[in-house]
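Notes for the structure review
Now for the letters of each chain:
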Amino acid sequence: MRIACPFCGERESGEFTYLGDASPKRPNFAVDSGTGPEAAEDAFYDYVYLRDNVAGVMREYWYHGGGCRSWLVAERNTVTHEFGSVTAAPGAGAAKPAHAGE
Ligand SMILES: [Zn+2]
């Protein structure tokens, strides 16, 4: 299985670490005003513990520890293990080489 890192190119999957589903969004209680403590607790429980068991394409976080040390968001088919698009995770850029500041 090979993953096309947007910074390093196509690499063996052994260089990457799987984190998990990239689709859950953290509940924003400031925006969701009017929710009681029980509803807020339920929403946060869902965010932390509950995941869909997708048979098909899903968005996942991957870390390229054996390369550029960037967090990536990859689309992967969980049935065939084929990768689709691979992009940098929001807010995560490629690690800068040691000589970049020179
Ligand atoms: Zn990379």
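Anything mentioned here points back to the structure above.
Bear in mind the structure is a predicted one, so any value in this text is a computation, not a measurement.

**Examining the overall build of the protein chain**
- Scanning the protein chain from N- to C-terminus turns up one helix and six strands.
- Put simply, the protein chain runs from its N terminus to its C terminus through helices and strands in the order β-β-β-α-β-β-β.
- In the protein chain, which comprises 102 residues, the share counted as buried stands at 25%.
- Across the protein chain, every contact between residues at least 6 apart in sequence was considered, and the portion connecting residues at least 24 apart equals 44%.
- A total of about 6,900 Å² of accessible surface is found on the protein chain, and carbon and sulfur atoms cover 51% of it.

**A few points about the side chain of aspartate 21**
- Looking at where aspartate 21 falls in the secondary structure, it is placed in strand β3 (residues 17-21).
- Among the polar contacts made by the side chain of aspartate 21, one reaches the side chain of serine 23 at a distance of 2.7 Å.
- Among all residues touching aspartate 21, those that are not within four sequence positions of it are Arg51, Met58, Arg59 and Tyr61.

**A look at the coordination of the zinc ion**
- Only Cys5 (SG), Cys8 (SG), His64 (ND1) and Cys68 (SG) from the protein coordinate the zinc ion, and they sit 2.1 to 2.5 Å from it.
- Considering all four donor atoms around the zinc ion, the spread of angles at the metal, 103 to 117°, places the coordination shape in the tetrahedral class.
- On the basis of relative accessible area, cysteine 5 is assigned to the buried category, the value being 4%.
- Overall, cysteine 8 belongs to the partly exposed group, its relative accessible area being 25%.

**Quick look at the nonpolar core**
- In terms of nonpolar packing, the biggest core is built from nine residues, these being Ile3, Cys5, Phe16, Trp62, Cys68, Leu72, Ala74, Phe83 and Val86.
- Secondary structure elements with two or more residues in this core: β1 (2-5), β5 (71-77) and β6 (83-88).
- Ignoring any residue separated from it by four or fewer positions in sequence, one finds valine 86 in contact with Ile3, Ala4, Pro6, Leu72, Val73 and Ala74.

**What to know about the pairing of β5**
- Counting buried residues along β5, five of its seven residues qualify, which places the element largely inside the surrounding structure.
- Relative to β5, strand β4 (residues 57-63) runs antiparallel, the two being bridged by seven bridges. When the bridges of β5 are listed, glutamate 60 appears paired with alanine 74.
- Sheet analysis places β5 next to β6, joined by four bridges and oriented antiparallel. By the bridge assignment for β6, leucine 72 is matched with alanine 88.
- The hairpin formed by β5 and β6 contains five residues between the paired strands, and histidine 81 there has a positive phi angle of roughly 65°.

The rules behind each value
Residues numbered from 1 in each chain as written. Predicted model: local features only at pLDDT ≥ 70, side-chain atom pairs only at ≥ 80, totals over all residues. Heavy atoms only, no water. Helix = DSSP H or I, 4+ residues; strand = E, 2+ residues; numbered from the N terminus. Buried < 20%, exposed > 50% of the residue type's maximum accessible area, 1.4 Å probe, protein only. Contact = heavy atoms within 4.5 Å. Areas by Shrake-Rupley, 256 points an atom, 1.4 Å probe, with all protein chains shown as cover. Polar contact = N/O pair within 3.5 Å; in protein donor to acceptor, adjacent residues only side chain to side chain. Donors = N, O, S within 2.8 Å, 3.2 Å for Na, K, Ca; no water. Tetrahedral: all angles 85-135°; square planar, octahedral: opposite > 155°, others 65-115°. Core = buried A, V, L, I, M, F, W, Y, C linked by side-chain atoms within 4.5 Å. Pairing = 2+ DSSP bridges.

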